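# Residue-level structure breakdown
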Amino acid sequence: MKRILVIGATGQIGTELVPALRKLYGNDNVVAGYHSKPPTGKLTEGPIEQVDVLSRESVEKAIKKYDINEVYHMAAILSAAGEKNPQHAWRVNMDGLYIVLELAREYGFRIFWPSSIAAFGPSSPKVNTPQVTIMDPTTMYGITKYAGELLTRYYAYKFNVDVRGVRYPGIISSEALPGGGTTDYAVEIFYYALEGKKYRCYLREDTMLPMMYMPDAVKAAIQLMNADRSKLTIMSGYNVAAFSFTPKQLELEIKKYIPDFKVEYAPDFRQKIADSWPKSLDDSVARSEWGWSPDWSFEAMVKDMLGKLAYRLG
Ligand code: AKB
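Computed from a prediction, not measured in an experiment: that's the story for all the values here. (Residues numbered from 1 in each chain as written. Predicted model: local features only at pLDDT ≥ 70, side-chain atom pairs only at ≥ 80, totals over all residues. Heavy atoms only, no water.)

Glancing now at the environment of Ile4. By the element assignment, Ile4 lies in strand 1 (residues 4–7). Assessed through its relative accessible area of 0%, Ile4 is described here as buried. As a C-alpha pair, Ile4 and Val53 span 49 residues in sequence and 16 Å in three-dimensional space. (Helix = DSSP H or I, 4+ residues; strand = E, 2+ residues; numbered from the N terminus. Buried < 20%, exposed > 50% of the residue type's maximum accessible area, 1.4 Å probe, protein only.)

Moving on, we come to the site of the ligand. In the vicinity of the ligand, the residues found are Leu78, Ser79, Ser116, Ile117, Tyr141, Gly181, Thr182, Thr183 and Trp277. Note that an oxygen atom of the ligand is positioned 2.7 Å from one of the side-chain N or O atoms of Ser116. Side-chain polar atom of Thr183 to a nitrogen atom of the ligand: 2.9 Å apart, as the coordinates give it. Considered on its own, the ligand offers 250 Å² of accessible surface; in the complex 95% of this is hidden by protein. A majority-of-atoms criterion places the ligand in the largest pocket. Here the residues of the shell around the ligand sort into 4 nonpolar, 5 polar and no charged. (Near = heavy atom within 4 Å. Polar contact = N/O pair within 3.5 Å; in protein donor to acceptor, adjacent residues only side chain to side chain. Areas by Shrake-Rupley, 256 points an atom, 1.4 Å probe, with all protein chains shown as cover. 1 Å grid on protein atoms, 1.4 Å probe; cavity = no way out; pocket = protein on both sides within 12 Å on 5 of 7 lines; lining within 4 Å. Sits in = over half its atoms within 2 Å of the grid points. Nonpolar A, V, L, I, M, F, W, Y, C, P; charged D, E, K, R; others polar.)

Let us now look at the layout of surface pockets. The volume enclosed by the largest pocket comes to roughly 970 Å³. Gly11, Met74, Ala75, Ala76 and Leu78 are, among the 42 residues lining the largest pocket, the residues nearest its centre. Those elements that place two or more of their residues in the lining of the largest pocket are helix 3 (79–84), helix 4 (86–107), strand 6 (115–116), helix 5 (140–159) and strand 8 (170–172). Residues belonging to the lining of the largest pocket are distributed by class as follows: 22 nonpolar, 16 polar and 4 charged. Roughly 540 Å³ of volume is contained in the second largest pocket. Thr15, Glu16, Pro19, Lys42 and Glu175 are, among the 24 residues lining the second largest pocket, the residues nearest its centre. A per-class count over the lining of the second largest pocket returns 11 nonpolar, 6 polar and 7 charged. (Points joined across faces, edges and corners; volume = space filled by probe spheres on them.)

On to the nonpolar core, then. Judged by nonpolar contacts, the single largest core of 39 residues is most densely connected at Ile172, Tyr185, Phe190, Phe245, Leu250, Ile254 and Met301. Where this core is concerned, the elements lending two or more residues are helix 6 (185–194), strand 9 (199–201), strand 10 (209–213), strand 12 (243–245), helix 8 (247–255), helix 9 (270–275) and helix 11 (298–313). If one sorts the elements of this core by residue count, helix 6 sits on top with 7 residues. Excluding anything up to four places from it in sequence, Met301 contacts Ile172, Phe190, Tyr213, Phe243, Phe245 and Trp296. One finds Ala32, Met212, Ala227 and Val240 within the second-largest nonpolar core, a separate group that totals 33 residues. (Core = buried A, V, L, I, M, F, W, Y, C linked by side-chain atoms within 4.5 Å. Contact = heavy atoms within 4.5 Å.)

Another point: empty space enclosed by the protein. Summed over the entire model, instances satisfying the criterion amount to 1 cavity of 30 Å³ or more. A volume near 50 Å³ is recorded for the largest cavity. As for the largest cavity, its lining consists of His73, Ala75, Ala76, Val92, Asn93, Met94, Trp113, Thr144 and Lys145. If you list the elements that add at least two residues to the lining of the largest cavity, you get helix 4 and helix 5. The dominant element in the lining of the largest cavity, judged by the number of residues it contributes, is helix 4, at 3 residues. Of the residues assigned to the lining of the largest cavity, the class counts are 5 nonpolar, 3 polar and 1 charged.

This part covers the environment of Ala118. Mapped onto the fold, Ala118 is located in the loop between strand 6 and helix 5. For the pair Ala118 and Pro169, spaced 51 residues apart in the sequence, the C-alpha separation amounts to 8.3 Å. Contact partners of Ala118, with chain neighbours within four places excluded, come to Pro137, Tyr141, Gly142 and Trp277.

Here we take up the packing of helix 6 against helix 8. Remark: helix 6 packs on helix 8, axes separated minimally by 11 Å, with the N-to-C direction vectors making an angle of 30°. Classified by the angle between their axes, helix 6 and helix 8 sit roughly parallel to one another. As for how helix 6 packs across helix 8, the hand of that crossing is right-handed. Together, Tyr185, Ala186, Ile189, Phe190 and Ala193 of helix 6 and Pro247, Leu250 and Ile254 of helix 8 make up the contact between the two elements. Of the residues contributing to the contact of helix 6 with helix 8, the split by class is 8 nonpolar, no polar and no charged. (Axes fitted to C-alpha atoms, helices over the stretch in contact; angles between N-to-C directions. Parallel < 35°, antiparallel > 145°, perpendicular 65-115°, else oblique. Left-handed = near helix turned anticlockwise from the far one by under 90°.)

Helix 11 packs onto helix 6 with a crossing angle of 55° between their chain directions and a minimal axis gap of 10 Å. Taken together, helix 6 and helix 11 sit at an angle that is classed as oblique. Helix-helix and strand crossings are classified by hand; for helix 6 and helix 11 the assignment is right-handed. Every residue of helix 11 that contacts helix 6 at Val187, Phe190, Tyr191 and Leu194 is listed here: Met301, Val302, Met305, Leu306, Leu309, Ala310, Arg312 and Leu313.

Right, dumping it as structure tokens:
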């Protein structure tokens, strides 16, 4: 039986991952681990626990209390926020991961840990970026993701820790807002469109980035955790792709439903970050090793986001 702890349960992905895991494995078997933002709504339908990922004692206490055998370690400082306080980003992203890996070595639980397209950099090929290629991330977030991929692989080979993960593209979600990322515009823009407000986009209109709708992001994590380990050659850091678009393409797609929506483009420091990332990913290794394929297209995602948010915003 699975006994799961999700660290970062109140973040963008955790908010939807916890209910999906509870549906599969039962409310009582999935603990929502949070730090500063207490869970509300659906997240309170099962156990919740405050977990400070920078404290070994705090994580260990939760592991022991709930007899955890699987951890989804989703807590991280994202790219744009990381550039404002790189020291803090290193601590949360690397020290936190190290604590979780060390405890996994001791207690034998399995780990899902997400990497990101931010692990790539200016010298990585931009189009159809391969699974194995040049990695030269320029943000502190990207550096922690690439270093984390190396560290998790080390723990897998050296200590036989079962740790797995994907390189997430920008994630679009209707439940929780992302915080501090470079791809956040692709969520924020929907709120402005529905509230009849003009959106000021901090990226150039032609900035193509790989993106994914939340149901596919959740599916990727759960599917990879249930894959046959003997078939996995990468462990953590599988490229997973769904679709790519530019801010202008998103504006035009939203305009099909809200014709008078207006967007102004005013690139800021995040442009340079976006320019260092891939435009699209080659995810053929994930497809062949554990059967990955996305369910959602760009057009279907936009329609669904508008419907869900219109309902929520009333
Ligand atoms: C960010 O923009 O920092 C994240 C990511 C692509 O990992 N959404």
